[in-house]
Every structure is written in C-alpha cells, then in structure tokens.
Amino acid sequence: MNSYPKAESRQSVNAELMGQKRQEKALREFKEVLEDLVLMLREASGVETVCLYWINRARRQFVMETKATKLSQVVFQDRVGFADHFLDDYKNIRQPVTLHVGDDINPESIDHYYEDRLPIDYVNLLPFTNNEETVAITVLESKKEAFSTEQNEVIHSYINALGNVLNTYLEISDLYENEGEWVEYEESLSF
C-alpha cells in the first residue's frame, strides 16, 4: 500500500506547477497592464513617444519594458548598457526632469530614431522609485516643452497607477513564493 505517498507526491508536484502557472499568468498580465498604461499615457499626453525602462543595476543595463510611438522611423533595443544610453546620467533621479535636446542632452545620444533630423525637441523623464531606489524611468519624447494642466494630471495618474500595479504584482509574487514554501513545509511534515 505505497499508493498514498505517490498520490501525495503527485499532489505537491501539481500544486507547484499550478503555482508556477499562476505566477507566469500574473507576470504576463502585469506586462500587458504596463503596455496599456504606456499607450494611454502617450495618447493622453499628446507626446510622440513614451518608453518604460527598468534599471537593472546588477547587469548595468536599461531594459526596455514597453513603448508606444506614433512615429514610424523608430527602432529600440531591448537592453542597453548604462554607458551606451542617454539615461545613464539620470538613473538615480527622484523627481521628474525635462531636458531640451541640444542644450541639456546631445541629439546624437538619442539613437533610436533613424531620421536625419530628430522629430522631438524635449525629453521628459519620470522616475519610479521603490524602497527609495529608482527602479524604472518612463521617457516621454515630444515636440512641446510644457504640458497642460490636464496632461499633468494624466502624468501623475500614470505614476500612481504604475506604483499600484507594481506593488500589487510584487505582493502576488510574494504570495506565490510563500505558497511554495507552505507546500514544502507540508511535505516535510508528512515524512
């Protein structure tokens, strides 16, 4: 009568697989929400391009999460080393920053446009901090410098939504990890 341990073992494997699938689903949906937020931000703010970059300090890279642009002459790289990206000087900002192309930032450092002339004049950086560290930067590239009151409200709503979505995702991830620990704990008790 050794069928009980086998059944118990199968249950723990199934529980682990289900937890992994739920975590993958949560990550996929998190990424979809980020895509939607970035698209809505671009539309509502009226800018030409919006990008969201994660700051991977361990690998010293900016990692493109998502982008939305109404321009056709744009090619983005998924991962760019700190030294090879114009965001390098701004990876530790805590407050939004507006840069004028040509004055504050070298036009040649914005290399994702492959037109003769850059179709933007301003770059707005919105940092996202977690545990007092800048973990992501949203980049808004536009022809205009100033935003209207309504556009500023949209930008602030975006920052709040991004924070809420990230915190929810982190909590869900922690719950899934903790669930795996409980499965392991229950297995150890059964032996």
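Summarised in this report is the structure supplied together with it.

Here is what the cut-offs are and how they apply
- Residues numbered from 1 in each chain as written.
- Predicted model: local features only at pLDDT ≥ 70, side-chain atom pairs only at ≥ 80, totals over all residues.
- Heavy atoms only, no water.
- Salt bridge = Lys/Arg side-chain N within 4 Å of Asp/Glu carboxyl O.
- Helix = DSSP H or I, 4+ residues; strand = E, 2+ residues; numbered from the N terminus.
- Buried < 20%, exposed > 50% of the residue type's maximum accessible area, 1.4 Å probe, protein only.

Let us now look at the pattern of salt bridges. All told, the structure shown has 6 salt bridges when counted by the stated rule. Lys25 is the partner of Glu29 in a salt bridge, and the nearest nitrogen-oxygen pair spans 3.2 Å. With Glu29 and Lys25 both in helix H1 (residues 3–45) and 4 residues apart, this pair spans about one turn of that helix. Judged by its relative accessible area of 36%, Glu29 falls in the partly exposed class. Under the relative-accessibility criterion, Lys25 is labelled partly exposed at 42%. Among the salt bridges present, the one from Arg57 reaches Glu133, with a minimum N-O distance of 3.2 Å. Residue Arg57 is located in the loop between strand S1 (49–56) and strand S2 (61–69), and its partner Glu133 is located in strand S6 (residues 133–142); the two are separated by 76 residues in the primary sequence.

Before going further, it helps to spend a moment on unusual backbone geometry. Trans is the prevailing form of peptide bonds, just as negative phi is the prevailing case for residues other than glycine. The phi torsion at Arg60 lies on the positive side, around 55°, for a residue other than glycine. On the secondary structure map, Arg60 appears in the loop between S1 and S2. With relative accessibility at 51%, the residue Arg60 sits in the exposed group.

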